[in-house]
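What follows is each chain in one-letter form.
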Amino acid sequence: MATSTDASSVETAHFYGPNIAHNKAVLANIFFATACLSGFVSGILGLQNVQGFILFGAATLLNALFVGGVKMEKGVSRYVMGGWKELLVPAQDNLFSFVLVWTLVYGVVHG
């Protein structure tokens, strides 16, 4: 009888560790740049409150769709262990960078 740990170990056996680490590093750089760019745009446009966060969410979603749909045309789960969920999680990690750039640019342009 196969257990869930046997199934997960078989699934992870298909991935090569250094390649996964490289893919995660590249995705982290892409999503960090997206967060900073969307913060810059939100600050220049003078967006406040929810409007800025909507722009951040839309930019992150569009970026995930572009990376997953265009660059990973053979399937997201082939390149990233978490699949589509892994492409959307960096939004949590880069939220602080977005807010920092957003408030900085907003203060310089509209202050």
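Residues numbered from 1 in each chain as written. Predicted model: local features only at pLDDT ≥ 70, side-chain atom pairs only at ≥ 80, totals over all residues. Heavy atoms only, no water.

Per an unreviewed UniProt entry, the protein chain goes by the name ER membrane protein complex subunit 6 and belongs to Sistotremastrum niveocremeum HHB9708. UniProt's Sequence similarities (unreviewed entry) comment on the protein chain is quoted here verbatim: "Belongs to the EMC6 family." The UniProt entry for the protein chain carries the following comment under Subcellular location (unreviewed entry): "Endoplasmic reticulum membrane". (UniProt positions renumbered as here; feature names shortened; annotations may be inferred.)

Draft legend 1. Quick look at the UniProt feature "transmembrane region" (unreviewed entry) in the protein chain. Within this structure's numbering, the places UniProt gives as "transmembrane region" (unreviewed entry) are residues 26–47, 53–70 and 91–109. Taken end to end, residues 26–47 is 91% helix and 0% strand, and its first and last C-alpha atoms sit 29 Å apart. Along residues 53–70, the helical share is 100% and the strand share 0%, with 25 Å between the first and last C-alpha atoms. (Helix = DSSP H or I, 4+ residues; strand = E, 2+ residues; numbered from the N terminus.)

Draft legend 2. Fine view of the nonpolar core. In this structure, L27, F31, A64, V67, M72, V76, V80 and L87 together form the largest nonpolar core, which totals 8 residues. For this core, the elements supplying multiple residues, two or more each, are α2 (17–45) and α3 (50–71). Ignoring any residue separated from it by four or fewer positions in sequence, one finds L87 in contact with L27, F31, A64, V67, G68, M72 and V76. (Core = buried A, V, L, I, M, F, W, Y, C linked by side-chain atoms within 4.5 Å. Buried < 20%, exposed > 50% of the residue type's maximum accessible area, 1.4 Å probe, protein only. Contact = heavy atoms within 4.5 Å.)

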